[in-house]
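Breakdown of the fold
What follows is each chain in one-letter form.
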Amino acid sequence: MIEEIKNLLSALAASPVVFWLLGGIVICVIGKYERKTLDRKIIAAYGFDESFMSLSDGEKLSKMFGVIVAMLRDLFAEDLEEAPEDPPRAAEFIIGVFAKKRYRKSILSDLAEDFALDIASGMSIRRARRRYWAAAVASVAPQAYAALKRIGVLGLLLEAARRFIGAS
Amino acid sequence: MARVDELTLIEQATMLAIMRQHPNAYGVSIRDEIKTRTGKYYSFGSIYAVLERLEDRGLIKSREGEATAARGGRRKLYFTVTGSGHLALRASLIAVEAMREGLDLEGAWA
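Residues numbered from 1 in each chain as written. Chains lettered and ligands numbered in written order. Predicted model: local features only at pLDDT ≥ 70, side-chain atom pairs only at ≥ 80, totals over all residues.

**Quick look at the overall build of chain B**
Of the regular secondary structure elements, chain B holds 4 helices and 2 strands. Beginning at the N terminus, the succession of helices and strands in chain B can be written as α-α-α-β-β-α. Counting only residues that meet the buried cut, chain B has 30% of its 110 residues in that class. Long-range pairs, those at least 24 residues apart, make up 49% of the contacts in chain B with a sequence separation of at least 6. (Helix = DSSP H or I, 4+ residues; strand = E, 2+ residues; numbered from the N terminus. Buried ≥ 20, exposed ≤ 12 C-beta atoms within 10 Å, placed from the backbone. Contact = placed C-beta atoms within 7 Å.)

In structure tokens, the structure reads:
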């Protein structure tokens, strides 16, 4: 799962979508890059048709977010369709990002044990997954909140990215 | 007299749970032991935050155990109380007992 997320993030980071979203505006503002050139890169990368060029900025953003959302949906749909008896991957990902590296594996394996026990006790998979989510959020919420108070939202995101990269 | 680490209530409970579960004290068993004996439920995040503090102070130590299928092939992390941990826990419990001694708590709040 972590590998898949990393691949996805790598693909996004290397893609014109993120380039356009994060860097494109700045680059266009300072006049060193034609917006049309950026649009052409996006069209080539994602197979949009030429009508993309004539869309408003909002429509372009919407279309590109649609691609990202579809990619994420496909990623997490796999979760439900292929291995429902496994813990929710997205919840595991959240633990992987926010839990301290030192005990990350232990927390994940403890949660997995609880999940397996729930399933073995005859609990429905849906309910077991909900319980996993609740336990996962409860496990990282205090750390996330403390970090949020200490370093703010932007710092928290950067810290999560640093930990995520450091975990590889 | 050497300085002895002071312990909070949750730190006391965690160390006692580790001793009770020895040699099978890991995240799940520690949480369940505390829940069974005190009725208090702590998330793994809270449990491991306490374990981290205790381990950093040298009051407990950890070792990796076996991987099991029930845990998705992941290893357990077992905890044991160290010598200085025993001293700190004993001193902490004695202090609580000294404060409690002579008080009639039965119906104290009635």
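**Examining the overall build of chain A**
Secondary structure assignment for chain A yields 7 helices and 0 strands. Written out in order from the N terminus, the α and β elements of chain A read α-α-α-α-α-α-α. For chain A, buried positions account for 20% of its 168 residues.

**So, the nonpolar core**
Among the nonpolar cores identified, the biggest contains 38 residues, and Ile95, Ile107 and Leu111 of chain A together with Ile18 and Ile60 of chain B are the most heavily contacted of them. Elements with a contribution of two residues or more to this core: α5 (89–98), α6 (101–120) and α7 (125–166) of chain A together with α1 (9–21), α2 (27–38), α3 (44–56), β2 (75–81) and α4 (83–100) of chain B. The element best represented in this core is α6 of chain A, accounting for 6 residues. When residues no more than four places from it in sequence are discounted, the contact partners of Ile95 of chain A are Arg104, Ile107, Leu108, Ala136, Ser139 and Val140 of chain A. (Core = buried A, V, L, I, M, F, W, Y, C linked by C-beta atoms within 7 Å.)

**Quick notes on the interface of chain B and chain A**
Contacts between the two partners involve 15 residues from chain B and, on the opposite side, 19 residues from chain A. Mapped onto the side of chain B that touches chain A, the elements with two or more residues apiece are α2, α3 and β2 of chain B. By residue number, the principal contributor to the side of chain B that touches chain A is α3 of chain B, which donates 5 residues.

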